[in-house]
Protein chains: 4
Amino acid sequence: MPSRPGSAYEHVIRVTWGDCDPAKIAYTGRLPGFVLDAINAWWEEHLGQGWYQLELDRNIGTPFVRLEMDFKAPVTPRHRLICHVWPSNLGQSSIGFRVDGEQDGRICFSAQTLSVFVVADVFNKRAPPDDIKGLLQPFLEHAAELGT
Amino acid sequence: MPSRPGSAYEHVIRVTWGDCDPAKIAYTGRLPGFVLDAINAWWEEHLGQGWYQLELDRNIGTPFVRLEMDFKAPVTPRHRLICHVWPSNLGQSSIGFRVDGEQDGRICFSAQTLSVFVVADVFNKRAPPDDIKGLLQPFLEHAAELGT
Amino acid sequence: MPSRPGSAYEHVIRVTWGDCDPAKIAYTGRLPGFVLDAINAWWEEHLGQGWYQLELDRNIGTPFVRLEMDFKAPVTPRHRLICHVWPSNLGQSSIGFRVDGEQDGRICFSAQTLSVFVVADVFNKRAPPDDIKGLLQPFLEHAAELGT
Amino acid sequence: MPSRPGSAYEHVIRVTWGDCDPAKIAYTGRLPGFVLDAINAWWEEHLGQGWYQLELDRNIGTPFVRLEMDFKAPVTPRHRLICHVWPSNLGQSSIGFRVDGEQDGRICFSAQTLSVFVVADVFNKRAPPDDIKGLLQPFLEHAAELGT
């Protein structure tokens, strides 16, 4: 596994009782939601706009076309869940993210996503606007150097 | 894409308002939960026991180690969501499922999962018990013929 | 507790592993969602339109202003959850529903809600349209006779 | 509405895209979950143990028997949701909490809950243990002075 770039954003999640199933660990069906929360938090942190603002204020959507997740260790409420999240590739009209979920120094899951940029109200593919392309570029160079 | 076997189980989901996000389609973070519901329904239908009964009554768990999903078309409350679900491979101590989500004749998503059988209370890998192996075998032959 | 009217609609929910918490019963935080699903199913059954269609096709919203729930017995995946749902009062611009959740012949929870009708895109109170008023009237007479 | 005590705990929630429905506001079915998260956070903050630790490490459960919520204004991802949470009454074997959800200086919802203390593995009512009674007492005096 290639290391993650130093510029990865850390999104912290307080895992709770209600996230857990009778096996006393976070239910698998919740974990993709944590991944998405982490990606949305990346946008909020770096662009100052999450999916909500992108869609409602700028008519830009980023629907997912693919999600891959490896589940490596159980997630529990015993520790905060640190989601390390970073953009890993940028296409003409697509953006990929990687998210590593970590608890108590151990990787719990590792995810890879692919989304496309769309004009939100008509759901047509589009290139990302210049400010977003400009924002993403340096992060992607970090990722590329590491081969992620 | 290889066709699905005729023995695939159809799990029907009533998608609702509360599953949808401001883009007016089911939120991506909900879709993996639909996939898991479909797999659990497969167990209930064919074994007469879902994950709850397996864990509590038989001390058998099947935690997921991998999930892959392709999102092909939006899911909405306009139609029922038919999840076609079938076991696609069986290892020494692992089981894979495939799930195709369909609405109004169109594939909305396609998922592949891998789980391991464990002794639930100690979380150690184990082979599936004979009744489960026997149950799965004929389904896997169907899947194998189709190369899924 | 007054009996429920014979015209109450039965919405059936398949409770699953993923709905349960480490106490091995459905997580309390999920139960209000079941109540809402039952009310939405009432609309779908009787009006042929749920909240999604009401909002998107008719510009009518019914946001909740109040929810009361009594939790009487645990909900588990051992039995289907039957949600008995009926409209219990109709004001100038408001509608109340009652929902009883039952498993294996036992009431698990009992809920009461109050919603207001609004013009969806401006979120202003309005009276319900005539077809909806006409639809609700006979149900409310049933409820009134029982004093619910 | 009586003012809340100065000792109320502030639990901050980052509302996201995925919490919202097509009306572009947080789905009503999610809001009770926020109330529960706030109460669990109160326990974590003051006792150093949330429901997960109470159940698994001390065999103490606090199942809910009642929830009341008034929804006063929409919740959106535009602002953090501040949940003010405080214990409001303590019975022989019961504990009540109040939670006010606030965004941008406006109360969005107000909730009242009642739970009972139980021996977790047998689900029998019990009095709260002395350390918990001692912890709660001063908070309840604050609440009592305000008549909440």
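Conventions used here
- All residue numbers refer to positions counted from 1 along the written sequence of the respective chain.
- Chains and ligands are labelled sequentially in the order written, the chains with letters from A and the ligands with numbers from 1.
- Note on the predicted model: pLDDT of at least 70 is required for a residue's local features to be given, and 80 or more for side-chain atom pairs to be given and counted; whole-chain, interface and lining totals, by contrast, use all residues.
- The secondary structure listing takes helices from DSSP runs of H or I that are at least 4 residues long and strands from runs of E that are at least 2 residues long, numbered from the N terminus.
- Throughout, the radius of gyration refers to the C-alpha atoms, and the reference size of a globule is 2.2 Å times the residue count to the power 0.38.
- Exposure classes come from backbone-placed C-beta atoms, where a residue is buried if 20 or more other C-beta atoms lie within 10 Å of its own, exposed if 12 or fewer do, and partly exposed in between.
- Superposing copies: least-squares fit, C-alpha atoms only, residues required to have pLDDT of at least 70 in both.
- Residues are treated as contacting if the C-beta atoms built from their backbones sit within 7 Å of each other.
- Only Asp, Glu, Lys and Arg are considered charged, only Ala, Val, Leu, Ile, Met, Phe, Trp, Tyr, Cys and Pro nonpolar, and every remaining residue, Gly among them, polar.
- What pLDDT expresses is the predictor's confidence in each residue, scored from 0 to 100.
- Think of it this way: DSSP has to see at least two bridges between two strands before they count as a pair.
- In this analysis, axes come from line fits to C-alpha atoms, helices being fitted only over the stretch in contact, and the angle between any two N-to-C directions falls in the range 0 to 180 degrees.

Chemist: I keep staring at the overall build of chain A and nothing clicks. Help me out?
Modeler: When you go through chain A residue by residue, the secondary structure sums to three helices and eight strands. When the helices and strands of chain A are listed from N to C terminus, the series reads β-α-α-β-β-β-β-β-β-β-α. Its C-alpha radius of gyration of 16 Å places chain A within 12% of the 15 Å reference for a compact globule of 148 residues. Once the C-alpha set of chain A is aligned to its principal axes, its extents read approximately 45 × 35 × 25 Å. The buried share of chain A, reckoned over its 148 residues, is 47%.

Chemist: What should I look at first to understand the relation of the copies chain B and chain A in this one?
Modeler: Applying a rotation about an axis and a shift along it to one chain copy brings it onto the other copy. Take chain B, turn it by 180°, move it 0.0 Å along the axis, and it overlays chain A with an RMSD of 0.0 Å. The two molecules are tied by a two-fold rotation axis, judged by turn and shift. In terms of C-alpha distance to the rotation axis, chain B has Glu-68 of chain B as its closest residue, with the C-alpha 2.2 Å off the axis. Mapped onto chain A, 100% of the interface residues of chain B again fall at the interface, so both copies present the same surface.

Chemist: Explain the interface of chain D and chain B to me, please; I cannot follow it from the model alone.
Modeler: A common way to report how large an interface is uses the accessible area buried once the components associate. On the chain B side, the residues contacting the eight residues of chain D number eight residues. Looking at side-chain class alone, the side of chain D that touches chain B contains four nonpolar, two polar and two charged residues.

Chemist: Teacher, can you tell me more about the confidence of the model for chain A here?
Modeler: Interpretation of the predicted coordinates at a detailed level should be avoided for regions scoring low in pLDDT. Across chain A, the average pLDDT comes to 95, with 97% of residues at or above 70. Our summary of model confidence lists the complex with pTM equal to 0.96 and ipTM equal to 0.94.

Chemist: Just to check I follow, could you spell out the interface of chain B and chain A for this structure?
Modeler: At the interface, 20 residues of chain B touch 20 residues of chain A. Taken together, the elements giving at least two residues each to the side of chain B that touches chain A come down to helix 1 (31–47), helix 2 (51–58) and strand 3 (64–71) of chain B. With eight residues, the top contributor of residues to the side of chain B that touches chain A is strand 3 of chain B. As paired elements, strand 3 (residues 64–71) of chain A and strand 3 of chain B share five bridges and run antiparallel to each other. Note that in strand 3 of chain B the partner of Asp-70 of chain A across the bridge is Arg-66 of chain B.

Chemist: Please clarify how the sheet that holds strand 7 (residues 118–119) of chain B should be interpreted in this entry.
Modeler: Paired through backbone hydrogen bonds, the strands of a sheet run either parallel or antiparallel to each other. All names here are of chain B. The antiparallel open sheet is built from three strands, whose spatial order is 2-7-8. Here the strands that pair on one side only, and so sit at the sheet edges, are strand 2 (60–61) and strand 8 (124–125). Note: strand 7 against strand 8, two bridges, orientation antiparallel. Looking at strand 8, one finds that Val-119 is bridged to Asn-124.

Chemist: Sorry if this is basic, but what is going on with the relation of the copies chain D and chain B here?
Modeler: Of the transformation placing chain D onto chain B, the axial shift is 0.0 Å and the rotation is 180°, giving an RMSD of 0.0 Å. Taken as a fraction of all interface residues of chain D, those also at the interface in chain B reach 100%, which identifies the copy contact as same-surface.

Chemist: Just checking my understanding: could you explain the pairing of strand 6 (residues 106–116) of chain C for this structure?
Modeler: Residues in a regular strand project their side chains so that they alternate between the two faces of the sheet. All names here are of chain C. When strand 3 (residues 64–71) meets strand 6, the two strands line up antiparallel, connected through seven bridges. Following the sheet pairing, Asp-70 is matched in strand 6 by Ser-110. Following strand 5 (residues 94–103), the chain reverses through two residues before pairing antiparallel with strand 6; Asp-104 in that reversal takes a positive phi of roughly 55°.

Chemist: How should I be thinking about unusual backbone geometry in this particular structure?
Modeler: Residues apart from glycine generally show negative phi values, whereas peptide bonds are mostly found in trans. Residue and element names in this part refer to chain A. Non-glycine residue Asn-59 carries a positive phi angle of around 60°. Inspection of the secondary structure assignment puts Asn-59 in the loop between helix 2 (51–58) and strand 2 (60–61). Of note in this structure, Phe-123 is not a glycine but carries a positive phi near 60°. Structurally, the position occupied by Phe-123 is in the loop between strand 7 (118–119) and strand 8 (124–125). Taking the C-beta count within 10 Å as the criterion, Phe-123 has 14 such neighbours and is therefore assigned partly exposed.

Chemist: Quick question: what am I supposed to make of the environment of Pro-63 of chain A here?
Modeler: Residues and elements named next belong to chain A. Residue position: Pro-63 is located in the loop between strand 2 and strand 3. Judged by C-beta crowding, with 17 C-beta atoms within 10 Å, Pro-63 ranks as partly exposed. Sequence separation between Pro-63 and Val-99 is 36 residues, and the spatial gap between their C-alpha atoms is 17 Å. If we skip the residues at most four places from it in the chain, Pro-63 touches Ser-115, Val-116 and Val-118.

Chemist: I would appreciate a short explanation of helix 2 (residues 51–58) of chain C in the present structure.
Modeler: Three- or four-residue spacings in an α-helix give side chains the same orientation, since the helix completes a turn every 3.6 residues. Residue and element names in this part refer to chain C. By the burial criterion, the buried members of helix 2 are Trp-51, Tyr-52, Leu-54 and Glu-55. Where helix 2 is buried, its residues contact helix 1 (31–47) and strand 2 (60–61). Within two residues after helix 2, Asn-59 carries a phi angle of roughly 60°, on the positive side.

Chemist: Is there a simple way to think about the sheet that holds strand 5 (residues 94–103) of chain A in this case?
Modeler: Reading across the sheet, the ten strands line up as 1(A)-4(A)-5(A)-6(A)-3(A)-3(B)-6(B)-5(B)-4(B)-1(B) and stay open at both edges, with antiparallel pairing between neighbours. The outermost strands of the open sheet, each flanked by one partner alone, are strand 1 (9–13) of chain A together with strand 1 (9–13) of chain B. Ignoring strand direction, the axes of neighbouring strands in this sheet form an average angle of 20°. Where strand 5 (residues 94–103) of chain B meets strand 6 (residues 106–116) of chain B, ten bridges bridge the pair, whose relative direction is antiparallel. Among the inter-strand pairings, Phe-97 of chain B is bridged to a residue of strand 6 of chain B, identified as Thr-113 of chain B. Its contacts with the sheet put helix 1 (residues 31–47) of chain A on strand 1, strand 3, strand 4 (81–90), strand 5 and strand 6 (106–116) of chain A, and the angle it makes with strand 1 of chain A is roughly 130°. Its contacts with the sheet place helix 1 of chain B against strand 1, strand 3, strand 4 (81–90), strand 5 and strand 6 of chain B, and it is angled at close to 130° to strand 1 of chain B.

Chemist: Hey, could you run me through the environment of Ser-94 of chain A in this one?
Modeler: All names here are of chain A. Along the chain, Ser-94 turns up in strand 5. With 50 residues separating them along the chain, Ser-94 and Glu-44 place their C-alpha atoms 18 Å apart. Excluding anything up to four places from it in sequence, Ser-94 contacts Leu-114, Ser-115 and Val-116.

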